[in-house]
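# Working through the structure, step by step
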Amino acid sequence: MKRRGRWISQLALLFTAVLLTTGCAAGSGKAEQSGAQETTSAAESGASESGASESGKVQAALPDGIYTARFETDSSMFHVNEALNDRGTLTVKDGKMTLHVSLQSKRILNLFPGTAEDARKEGAALLQPTTDTVKYEDGTSAEVYGFDIPVPALDTEFPLALVGTKGAWYDHMVKVTDVKAEEASQAAAPEIPGLRFVKRMELRYAETFDIYFYERDFAVIDVQGAARYLLVPEGEQVPAELPADYVILKKPLDNIYLAATAAMSLFEANGALDRVRFTGTRAEGWHIDAPKRALESGAMRFAGKYSAPDYELLTSEGCDLAIESLMILHAPEVKEMFERLGIPVFVDYSSNEGHPLGRTEWVRLYGVLTDRSEAADAFFKAQCDELDGLKNVADSGKKVAFFAMNRDGSFVVRRRTDYVPKMIALAGGTYLGVGPDEPGRSSVQRVSREAFFEAARDADVLVYNATVEAPLAGLSELLEKDELFSDFKAVREKQVYQLGSDMYQSADAVAGLTRDFSRVLHGEEELGLSYLRRIE
């Protein structure tokens, strides 16, 4: 679930809301908070100025930023989850308001901004659910569906239709009221002895990390549930009495060993490829040009794969950081050896992001690591803009099975909360999950041959994930793996595609692959595909 504690606005931006009725102009800044008391009072003033007046008329729009707001409905069966006190997160961007609410269960499948009659029409742009995790007072938690709802006006009722698991559409009237500055304070940030907290990075999609900024350019990267890293600027000392569980990263970080293959393109995107001196993949293993060229020129060196790094080479050439994928969790002795050698280890959890662009947003984390935040932010915005162009894609009515096969005959599928199923949903398709999602942080799970065939036999589109095993030469090879594929609807209709390894090595793959899914699902394959390839 998206974390609802983002720092929301600099003081100058929020004063704009207070000055709106006097005609005064003020400069705007990023939607981040630098002081709890001042921000709350200023945003409350802004909400008063820009919300509905006592006569019920909606006045000026809220300034861009993030707020909390009350979500009122006309039904006791349709409301915000009880753990959130009827409130959601209101995001205002470019004058448009969107309220994210987490509901009480997963029984409501879609919402529609309008009437139930219009929602039933062909091509209606339905709101797709997110999978949110809510925490209750007793310490338990649950996964529920959430929705991003366009808000036409504050304190004014508007129609919102819903459809549940029974398939029937219902009309409701809802209202967004009681707008306040998002409750956030310095207490929410890690306390670093001797350093004043400044602001928290506002994240749009990423859920697995937070970044906190402190005076004198110190920063904390909190990879949730995994580790906390303190970034120490060049020339500064590690603060005294720092808790022992922090991993210290001393800038500049310019002799990096990058074994997390998927992160390489993010370094390229933010212009920091020159900071990567060592890689865990040989030149022939790369499907993108930049690291291949760097290895061939000697600017980058192969220093052993993640499970067997060349410690002698890394220590002799002054490696200052090892960036590993989650595979390092299967080789704990490697991490321990790095630590004994004084080389800090950073573990990339981007593959656990729930939203497709959550994975891409890790470019901003690497921008902070390498002092290339401006380039990273620009790249990420461009990717968001491209994916935004697919938001109103019509539902194709088609079902997609996305899978890989192991040599032992088992199948590997994505969990429903993974970013690939969300890409398929954004593209207008329905992902076919196999069995219940297993607990844990992994984005994939193994299922039996029988379970996969039962779930995917009637899929309209089959996508073979060729990043696990070698790509298929053709449909005949798929049938050789298992003759029962001949009974699949997608095989009979020749709607079988495969995804190559280049997708996981490309920074712009999220928008590109989502576009591919959309073209396949809507019969627009002639426009070209970037990552999916039809298996003939």
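One structure accompanies this document, and this report is about it. (Residues numbered from 1 in each chain as written. Predicted model: local features only at pLDDT ≥ 70, side-chain atom pairs only at ≥ 80, totals over all residues. Heavy atoms only, no water.)

This next bit is on the nonpolar core. Counting residues in hydrophobic clusters, the biggest one holds 110 residues, and the most contacted among them are F346, Y366, F403, F452 and F485. Beyond its immediate sequence surroundings of up to four residues, F485 is in contact with F403, M405, F411, F452, F453, L462, L478, L479 and V491. Counting 26 residues, the second-largest nonpolar core is a separate cluster that includes L90, V92, V174 and V176. (Core = buried A, V, L, I, M, F, W, Y, C linked by side-chain atoms within 4.5 Å. Buried < 20%, exposed > 50% of the residue type's maximum accessible area, 1.4 Å probe, protein only. Contact = heavy atoms within 4.5 Å.)

In any sheet, the strands associate via hydrogen bonds between backbone groups, in a parallel or an antiparallel arrangement. Sheet architecture is open: five strands sit in the order β11-β12-β13-β14-β15, paired in mixed fashion. Two strands bound the open sheet, and with one partner strand each, they are β11 (197-200) and β15 (246-250). Neighbouring strand axes in the sheet, compared pairwise and without regard to direction, differ in orientation by 25 degrees on average. Lying over the sheet, helix α9 (residues 362-369) contacts β12 (209-214), β13 (219-223), β14 (227-232) and β15, oriented at roughly 35 degrees with respect to β12. (Pairing = 2+ DSSP bridges. Helix = DSSP H or I, 4+ residues; strand = E, 2+ residues; numbered from the N terminus. Axes fitted to C-alpha atoms, helices over the stretch in contact; angles between N-to-C directions.)

For the rest of this paragraph, the subject is the packing of α9 against helix α10 (residues 373-388). Two numbers describe how α9 lies on α10: the axes approach to 8 Å, and their chain directions differ by 170 degrees. One finds that α9 runs roughly antiparallel with respect to α10. The residues of α10 that touch α9, namely those facing V363, R364, G367 and V368, are S373, A376, D377, F379 and F380. Within the contact of α9 with α10, the residues separate by chemical class into five nonpolar, two polar and two charged. (Parallel < 35°, antiparallel > 145°, perpendicular 65-115°, else oblique. Nonpolar A, V, L, I, M, F, W, Y, C, P; charged D, E, K, R; others polar.)

Reading across the sheet, the five strands line up as β18-β17-β16-β19-β20 and stay open at both edges, with parallel pairing between neighbours. Each of the sheet's edge strands pairs with one partner strand only, and the pair in question is β18 (301-302) and β20 (345-347). By the bridge criterion, two bridges tie strand β17 (residues 276-279) to β18 in an arrangement that is parallel. Among the inter-strand pairings, T279 is bridged to a residue of β18, identified as F302.

A few words on the pattern of salt bridges. For the coordinates displayed, the defined rule picks out 26 salt bridges. The shortest N-O distance in the salt bridge between R372 and D274 comes to 3.7 Å. Separated by 98 residues along the polypeptide, R372 in the loop between α9 and α10 and D274 in the loop between α4 (264-269) and β17 bring together distant segments of the chain. The class for R372 is partly exposed, based on a relative accessible area of 24%. For D274, a relative accessible area of 56% gives the class exposed. Of the charged contacts, one joins E450 and R449 as a salt bridge, the two residues approaching to 3.9 Å between their closest N and O atoms. (Salt bridge = Lys/Arg side-chain N within 4 Å of Asp/Glu carboxyl O.)

What follows deals with the packing of aromatic side chains. Under the criterion given, the structure shown has 23 aromatic pairs. When the centroid spacing of 5.7 Å and the interplanar angle of 70 degrees are considered together, the rings of F411 and F453 count as edge-to-face. Placement of the pair is F411 in strand β22 (residues 411-414) and F453 in helix α12 (residues 449-456), with a sequence separation of 42 residues. The two residues F411 and F453 agree in class, both being buried. Sitting above the plane of the F213 ring, K199 keeps its charged end 5.7 Å from the centroid. Cation over ring: R414 sits above Y419, and NZ or CZ is 5.5 Å from the ring centre. (Phe/Tyr/Trp six-rings, centres within 6.5 Å; stacked < 30°, edge-to-face > 60°. Lys NZ or Arg CZ within 6 Å of the ring centre and 35° of its normal.)

Counted residue by residue, α9 has eight buried out of eight residues, so it is predominantly covered. Listed in full, the buried residues belonging to α9 are W362, V363, R364, L365, Y366, G367, V368 and L369. In the stretch just after α9, D371 is the one whose phi turns positive, near 60 degrees.

This part takes up empty space enclosed by the protein. Overall, the coordinates contain one cavity of 30 Å³ or more when judged by the stated rule. Here the largest cavity is characterised by a volume of approximately 90 Å³. Around the largest cavity sit 12 residues that line it, and A262, S265, L266, R359 and S506 are the ones nearest its centre. In terms of residue class, the lining of the largest cavity is built from six nonpolar, four polar and two charged. (1 Å grid on protein atoms, 1.4 Å probe; cavity = no way out; pocket = protein on both sides within 12 Å on 5 of 7 lines; lining within 4 Å. Points joined across faces, edges and corners; volume = space filled by probe spheres on them.)

Right, let's talk about the layout of surface pockets for a bit. Estimates place the volume of the second largest pocket at around 1,500 Å³. Around the second largest pocket sit 42 residues that line it, and S325, M327, S351, T467 and Y504 are the ones nearest its centre. Looking at the lining of the second largest pocket, the elements that each hand over two or more residues are β21 (398-405), β22 and β24 (444-447). Of the residues assigned to the lining of the second largest pocket, the class counts are 19 nonpolar, 17 polar and six charged.

On to the environment of G528. Within the secondary structure, G528 is located in the loop between α15 (509-521) and β27 (532-534). Residue class for G528 comes out partly exposed when judged on its relative accessible area of 28%. Separated by 13 residues in sequence, G528 and R515 place their C-alpha atoms 9.7 Å apart.

The next subject is α10. Each α-helix turn comprises 3.6 residues. Residues three or four places apart therefore point the same way. Along its 16 residues, α10 runs 22 Å from first to last C-alpha, staying within 8% of the 22 Å computed at 1.5 Å per residue. Considered for burial, the residues of α10 that qualify are A376, F379, F380, Q383, C384 and L387. Burial along α10 is one-sided: seen end-on, the buried residues are contained in an arc of 140 degrees. Residues of α10 that are buried make contact with α4, α8 (356-360), α9, α11 (419-426) and α15. (Expected span 1.5 Å × (residues − 1). Arc of directions from axis to C-beta.)

Turning our eyes to something else, we now look at the pairing of β12. In terms of residue burial, β12 counts as a mostly covered element, since six of its six residues are buried. In terms of strand pairing, β11 meets β12 through three bridges, oriented antiparallel. Within β12, the position partnered with F197 by the bridge is Y214. For β12 and β13, the ladder comprises five bridges, and the chain directions are antiparallel. The residue bridging F213 from the neighbouring strand is A219, located in β13. Connecting the antiparallel pair β12 and β13 is a turn made up of four residues, with R216 showing a positive phi of about 60 degrees.

Moving on, we come to the packing of α11 against α15. Packing of α11 against α15 leaves a shortest axis separation of 8 Å and a crossing angle of 50 degrees. Considered as vectors, α11 and α15 are oriented oblique to each other. The handedness of the crossing between α11 and α15 is right-handed. In this structure, α11 contributes M423, I424 and L426 to the contact, and α15 contributes V510, L513, T514, F517 and L521. Classifying every residue of the contact of α11 with α15 by side-chain character gives seven nonpolar, one polar and no charged. (Left-handed = near helix turned anticlockwise from the far one by under 90°.)

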